[in-house]
Every structure is written in structure tokens, then in C-alpha cells.
Amino acid sequence: MCRNLQNARIAPLASGGVWTAGEVVIRREVLNDGRVWMQLPVIVVRDVPNLLATYIAEGAPFRFPPGPWPTPNGLHPWHGKDCWRGHGTLTLQRPGEAHAIWVFWSGRKREFHGWYVNLQEPFRRLARAFATQDLELDIWIPRDGPWEWKDEDLFEQRVREGRLTEDQAAAARAEGARIVAELDAGRRWWNEAWAEWEPDPSCPTPTFDVV
């Protein structure tokens, strides 16, 4: 288990989480009918009462159970990808909230690229796993620029396909509007020092076998 997962500028928080830094757990995307249609192993970075931070490492494998699924081709949108490519991604999420902050880096020097607000169902803890559902509608906050909506057309398509209900769509739009209002007011709940976070190079690529 790797444990060197801290950033010196991020103050320690109170203990009390379920998982320990360095543990591998499974992120599951679960549909409204309870079926799991995508899974990947992630590394726990911090688990405290008001934050679950996990890391999707480069090379983390995807698992797509057989469908059919509520998409035009009956497959998960990421079907065909074997693992996470490029720099790894840190995800920050708070209990009960319908979004997560994904932290992206780019380039050979792994420079901070921006914040991605991923609208999703509030995560639910399971045994060595947590479940959520991506609601497609997103907000991109680049390092040097204003925020912008992402995947608006895809979001509406998912509603037409029946993967998202009208109630879910309305809730996602409301959550997005709330977040945008906070951004316009200059408020961000997350610590921006996470942009400087680096994974422990000694951490092996997580697999399903270690859970």
C-alpha cells in the first residue's frame, strides 16, 4: 500500500473516514435500475467526513459488464477503451452532493490544466467500493479562462434515450445553475492547492485483483 499521497499545502483534516490513504477501491457507475455498467479501480487519497478524494491512475483498467445498455448501440459510451490513458486524474467529492471535482493535468511536464465539475448522483458507499451515476452535464474551468458548459447536447440525448429521467435532468440543471452562481461569485469549495498534488511514483497501477 502506498501512503505518500499528501500535498504539503493541504492542511490535515479530522480523521473518521472509512478508508485509508493508499487503499484501492472500486468506482462503479450504476444505472437507475441498479445495474452496474462500468467499473474501475481507484486509489484512496483522503477519506474524511467532509471529503472523499480518489485518484484514477494512468493505466487503471475499465470493466464493462455485458449489456444491453440504454444507449443507441447498447454499449457504455466508453466501451472499447481498456484503461485510463494520459495523466491520472484526481477526483474530489463531498457526501450528499450531486457533483465531483475532477483535477486534470496535461503535457510532458504534467502542468495543471483545469477543474472539471462532473455532475453526478451523490456517491454511495459499498464494501470496498462506491457507486454513482454520471449525469453527463458538466462544467469546465480552465486554468486561465472563464468556466464553460460541457456536453449539453449529449445530456439532452441521454434524456431522450431514457437513461436519465426528467426529474434527474431537472435536478442536474439545478445543481449546475447553483455551481455556476457560486463560480460567478468567486467561490469554490475545494482547496485549490489540489492543483499541485502529485501521486506517489511508488504506487503500482491499481487493478481489480487487489480489492
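See the structure above.
Below, the structure is looked at part by part. Not measured: the values here are computed from a predicted model. (Residues numbered from 1 in each chain as written. Predicted model: local features only at pLDDT ≥ 70, side-chain atom pairs only at ≥ 80, totals over all residues. Heavy atoms only, no water.)

1. Re unusual backbone geometry
Argument step 1. The omega torsion across Gly67 and Pro68 is 10°, close enough to zero to call that bond cis.
Argument step 2. A positive phi angle is found at Glu136, which is not glycine, with a value near 75°.
Argument step 3. As for its placement among the helices and strands, Glu136 is situated in strand β9 (residues 134–142). (Helix = DSSP H or I, 4+ residues; strand = E, 2+ residues; numbered from the N terminus.)

2. Observations regarding the packing of aromatic side chains
Argument step 1. For the structure shown, the criterion picks out 16 aromatic pairs.
Argument step 2. Consider the rings of Trp37 and Trp69, whose centres lie 6.0 Å apart with planes at 65°: the pair is edge-to-face. One end of the pair, Trp37, is in strand β2 (residues 36–48); the other, Trp69, is in the loop between β3 (51–56) and β4 (89–93), and 32 residues separate them in sequence.
Argument step 3. Accessibility expressed as a relative area gives 7% for Trp69, which makes it buried.
Argument step 4. Seen in terms of ring centroids, Phe62 and Phe64 are 5.9 Å apart; in terms of plane orientation they differ by 45°. Their pairing is tilted.
Argument step 5. What makes Phe64 buried here is its relative accessible area of 17%.
Argument step 6. An aromatic cluster is defined as three or more aromatic residues linked by ring pairs; in this entry it consists of Phe62, Phe64, Trp78, Trp84, Trp102, Phe104, Tyr116 and Trp140. (Phe/Tyr/Trp six-rings, centres within 6.5 Å; stacked < 30°, edge-to-face > 60°. Buried < 20%, exposed > 50% of the residue type's maximum accessible area, 1.4 Å probe, protein only.)

3. Here's the deal with the pattern of salt bridges
Two side chains with opposite charge may pair up if their charged atoms get near one another.
Argument step 1. The tally for this structure, following the rule as stated, stands at 14 salt bridges.
Argument step 2. In this structure, the salt-bridge partner of Arg128 is Glu23, at a minimum N-O distance of 3.6 Å. Of the two residues, Arg128 is situated in the loop between β7 (124–126) and β8 (129–132) and Glu23 in the segment before β1 (24–30); the sequence distance between them amounts to 105 residues.
Argument step 3. Of the residues examined, Arg128 reaches a relative accessible area of 31% and is grouped as partly exposed.
Argument step 4. Glu23 gets classed as buried once you look at its relative accessible area, which sits at 14%.
Argument step 5. Close ionic contact of Asp33 with Arg35 constitutes a salt bridge, the shortest N to O distance being 2.8 Å.
Argument step 6. You can call Arg35 partly exposed: its relative accessible area is 32%. (Salt bridge = Lys/Arg side-chain N within 4 Å of Asp/Glu carboxyl O.)

4. A look at the nonpolar core
Argument step 1. Membership of the largest hydrophobic core comes to 34 residues, with the highest contact counts inside it found for Leu90, Leu92, Trp115 and Trp194.
Argument step 2. Those elements that provide at least two residues to this core are β2, β3, β4, β5 (99–106), β6 (111–120), β9, α1 (152–161) and α2 (166–184).
Argument step 3. Residue contributions to this core peak at 5 residues, all from α2.
Argument step 4. Membership of the second largest hydrophobic core comes to 18 residues, among which are Ala60, Ala100, Phe123 and Trp140. (Core = buried A, V, L, I, M, F, W, Y, C linked by side-chain atoms within 4.5 Å.)

5. Examining the pairing of β5
Argument step 1. The buried count for β5 comes to 6 of 8 residues, which makes it a mostly enclosed element.
Argument step 2. Count of turn residues in the β4/β5 antiparallel hairpin: 5 residues, of which Gly96 carries a positive phi of about 80°. (Pairing = 2+ DSSP bridges.)

6. Observations regarding the environment of Ala131
Argument step 1. Counting through the fold element by element, Ala131 comes out in strand β8.
Argument step 2. The class for Ala131 is buried, based on a relative accessible area of 2%.
Argument step 3. Distance in space between the C-alpha atoms of Ala131 and Leu31 is 9.7 Å, their sequence separation being 100 residues.
Argument step 4. Among residues more than four places away in sequence, those in contact with Ala131 are Arg28, Val30, Pro122, Phe123, Arg124 and Leu126. (Contact = heavy atoms within 4.5 Å.)

7. Observations regarding the sheet that holds β2
Argument step 1. With mixed pairing, the 10 strands of this open sheet are ordered in space as β7-β8-β1-β2-β3-β4-β5-β6-β9-β10. The open sheet has two edge strands with one neighbour each: β7 and β10 (148–150). The sheet shows a mean angle of 30° between the axes of neighbouring strands, direction not considered.
Argument step 2. Taken together, the 7 bridges between β1 and β2 define a ladder with antiparallel strand orientation. Its bridge partner being in β2, Ile26 is matched across the sheet by Pro41.
Argument step 3. In the packing of α1 onto the sheet, the strands contacted are β9 and β10, and the crossing angle to β9 comes to about 170°. (Axes fitted to C-alpha atoms, helices over the stretch in contact; angles between N-to-C directions.)

8. Overview of the packing of α1 against α2
Argument step 1. Where α1 meets α2, the axes come as close as 9 Å, and the angle between the chain directions of the two elements is 160°. Relative to α2, the element α1 lies roughly antiparallel. Here α1 runs over α2; the crossing is right-handed. Residues Phe155, Glu156 and Val159 of α1 form the contact with α2, whose own contacting residues are Glu166, Ala169, Ala172 and Arg173.
Argument step 2. Of the residues belonging to the contact of α1 with α2, the class tally is 4 nonpolar, no polar and 3 charged. (Parallel < 35°, antiparallel > 145°, perpendicular 65-115°, else oblique. Left-handed = near helix turned anticlockwise from the far one by under 90°. Nonpolar A, V, L, I, M, F, W, Y, C, P; charged D, E, K, R; others polar.)

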